[in-house]
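Residue strings, one per chain:
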Amino acid sequence: MMENSSLIAIDAFCNFHNVDISFVSSIQEQDLITIVFVEETGFIQEEKLPLLEKIVRLYKELEINPEGIGVVLHLLDKIDFLQKENQSLKRRLSRLESLEGNL
């Protein structure tokens, strides 16, 4: 079982970030976060806090609805993957070019 110290109360998070609890519930319905219930109180795991804060920024600053946030997060993950793949390919190409230069 998880320790309660690694959990953050949803109502405290919502009060701090000035968002409705219904917003967090809609994010859970999109399977973007998981709410853990302890004695009927909703919590998120502490390690998911950065993700939930990113979601709140997308919602408040860019006015993206909960349905669109999942799409945006997927695209951001894809961009990150492609950037890492691009860097890897650049390193491989550089190594091949240096080997070719030594021949």
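The structure under discussion appears in the preceding block.
Everything in this summary refers to the structure shown in the same document. (Residues numbered from 1 in each chain as written. Predicted model: local features only at pLDDT ≥ 70, side-chain atom pairs only at ≥ 80, totals over all residues. Heavy atoms only, no water.)

### Re the overall build of the protein chain
Here's step 1: Summing up its helical and strand segments, the protein chain has four helices and three strands in all.
Here's step 2: Along the protein chain, helices and strands appear, N-terminal first, in the series β-α-α-β-β-α-α.
Here's step 3: Whereas a compact globule of 103 residues would reach a radius of gyration of roughly 13 Å, the protein chain reaches 20 Å, over 25% beyond that.
Here's step 4: Dimensions of the protein chain, computed from C-alpha atoms along their principal axes, come out at roughly 70 × 35 × 20 Å. (Helix = DSSP H or I, 4+ residues; strand = E, 2+ residues; numbered from the N terminus. Rg over C-alpha atoms; globule rule 2.2 N^0.38 Å.)

### Comments concerning the pattern of salt bridges
Here's step 1: All told, the structure shown has one salt bridge when counted by the stated rule.
Here's step 2: Put simply, D80 and K84 hold a salt bridge, and the shortest N to O gap is 3.2 Å. In this pair, D80 and K84 both sit in helix α4 (residues 66-101), four residues apart, roughly one turn of the helix. (Salt bridge = Lys/Arg side-chain N within 4 Å of Asp/Glu carboxyl O.)

### Notes on the pairing of strand β3 (residues 41-45)
Here's step 1: The pairing of strand β1 (residues 7-9) with β3 spans three bridges and is classified as antiparallel. The partner of I8 across the bridge, within β3, is I44.
Here's step 2: The pairing of strand β2 (residues 36-38) with β3 spans three bridges and is classified as antiparallel. Its bridge partner lying in β3, V38 is registered against T41.
Here's step 3: From the end of β2 to the start of β3, which pair antiparallel, there are two residues, and E39 there has a positive phi angle of about 50°. (Pairing = 2+ DSSP bridges.)

### A look at the packing of helix α3 (residues 49-61) against α4
Here's step 1: Between α3 and α4, the least distance of the axes is 10 Å, while the angle of their chain directions is 120°. One element, α3, and the other, α4, form an angle in the oblique class. For the pair α3 and α4, the crossing hand works out as right-handed. Each of L51, K54, I55, L58 and Y59 in α3 lies in contact with α4, whose residues at this interface are P66, I69, V72 and L73.
Here's step 2: In terms of residue class, the contact of α3 with α4 is built from eight nonpolar, no polar and one charged. (Axes fitted to C-alpha atoms, helices over the stretch in contact; angles between N-to-C directions. Parallel < 35°, antiparallel > 145°, perpendicular 65-115°, else oblique. Left-handed = near helix turned anticlockwise from the far one by under 90°. Contact = heavy atoms within 4.5 Å. Nonpolar A, V, L, I, M, F, W, Y, C, P; charged D, E, K, R; others polar.)

### Brief notes about the side chain of S26
Here's step 1: Among the structural elements, S26 can be located in helix α2 (residues 21-29).
Here's step 2: Within the local environment of S26, its side chain forms a polar contact with the backbone oxygen of F23, the two atoms lying 2.6 Å apart. (Polar contact = N/O pair within 3.5 Å; in protein donor to acceptor, adjacent residues only side chain to side chain.)

### Things to note about the nonpolar core
The tendency in soluble globular proteins is for nonpolar side chains to be buried side by side.
Here's step 1: Counting 18 residues, the largest nonpolar core has F23, V24, I27, I33, I55 and I69 as the members making the most contacts within it.
Here's step 2: By residue number, the principal contributor to this core is α3, which donates four residues.
Here's step 3: Not counting residues up to four positions away in its chain, the partners in contact with I33 are V24, I27, Q28, I44, L51, L52 and I55.
Here's step 4: Counting five residues, the second-largest nonpolar core is a separate cluster that includes L7, V36, V38 and F43. (Core = buried A, V, L, I, M, F, W, Y, C linked by side-chain atoms within 4.5 Å. Buried < 20%, exposed > 50% of the residue type's maximum accessible area, 1.4 Å probe, protein only.)

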